[in-house]
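In case you want the letters, here they are:
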Amino acid sequence: METGSPHDTGTADAPGTPTPATADVPATGTAPDGGKEPVWHALPPGLLTMRRLLLVVWLGLLTLATALVPGLLAGPAWGAFAVLPLALLLWGWVMLERNWRSWRYAERADDLLISRGVLWHEETVVPYGRMQLVEVTSGPVERHFGLASVQLHTAAAATDATIPGLDPAEAERLRDRLTELGEARPAGL
């Protein structure tokens, strides 16, 4: 299980499996030995906690309703239908962790990489010079858990990208850095 803060970095041993990195990794997004391999940053565990809590709340209520309503109206045997949402809750618990582990991002010299996905792996490359707007957003549930998301807007809508569930300080640092790099490296449309 991955532990640590949003500043944890790692290189992938297998696709979607970040490993802890050493403290001497530079913040520029290059490997310590100067190689071309990017340094991947994992999402903080608070995002997994928030998503699992939401899963338990919604599917817990559905399980309760599925057990009580048929059980009271049609007889206790019909309350067994509560097993279906309960099984969905257990399956979702495992899938949320797999999805959370698949998300990572890396800052390179000329672009930002965002990697995600378990079954359908998706890697987005956003050149700094193509960024038009970098936003930090945080809804009420995210704020309660101390999380924020960074959303990147580019000239092409297909390359808009989001990094969810970051620590607010890391999200603001990333926004400021990406904005600074975007202004320093303007690219033609």
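Presented here is an overview of the structure given in this document. Quick caveat: nothing in here was measured; it's all calculated off a predicted structure. (Residues numbered from 1 in each chain as written. Predicted model: local features only at pLDDT ≥ 70, side-chain atom pairs only at ≥ 80, totals over all residues. Heavy atoms only, no water.)

Across its 20 residues, helix H2 (residues 83-102) extends 29 Å between first and last C-alpha, which sits within 8% of the 28 Å expected from 1.5 Å per residue. Among all positions of H2, only Pro85, Leu89, Gly92, Leu96, Glu97, Trp100 and Ser102 are buried. On its buried side, H2 packs onto helix H1 (45-74), strand S5 (104-107) and strand S6 (111-116). (Helix = DSSP H or I, 4+ residues; strand = E, 2+ residues; numbered from the N terminus. Expected span 1.5 Å × (residues − 1). Buried < 20%, exposed > 50% of the residue type's maximum accessible area, 1.4 Å probe, protein only. Contact = heavy atoms within 4.5 Å.)

So, about a nonpolar patch on the surface. Together, Leu53, Leu54, Val57, Trp58, Leu61 and Val141 make up a nonpolar patch on the protein surface, roughly 560 Å² of accessible area in all. Top contributing element to the nonpolar patch by residue count: H1, with five residues. Tracing the backbone through its elements, the reader meets Leu53 in helix H1. (Patch = residues over 30% accessible without salt bridge, like charges linked within 9 Å, V, L, I, M, F, W, Y side chains within 5 Å. Areas by Shrake-Rupley, 256 points an atom, 1.4 Å probe, with all protein chains shown as cover. Salt bridge = Lys/Arg side-chain N within 4 Å of Asp/Glu carboxyl O.)

Leu112, Ile114, Met131, Leu152, Ile163, Leu166 and Leu178 are the most contacted members of the largest nonpolar core, which has 28 residues in total. For this core, the elements supplying multiple residues, two or more each, are H1, H2, S6, strand S8 (131-137), strand S9 (148-154), strand S10 (161-166) and helix H4 (168-184). Element by element, the count of residues in this core is highest for H1, at five residues. Discounting chain neighbours no more than four positions away, the residues touching Leu112 are Tyr105, Ala106, Glu107, Thr124, Val125, Val126, Tyr128, Met131, Leu152, Ile163 and Leu178. (Core = buried A, V, L, I, M, F, W, Y, C linked by side-chain atoms within 4.5 Å.)

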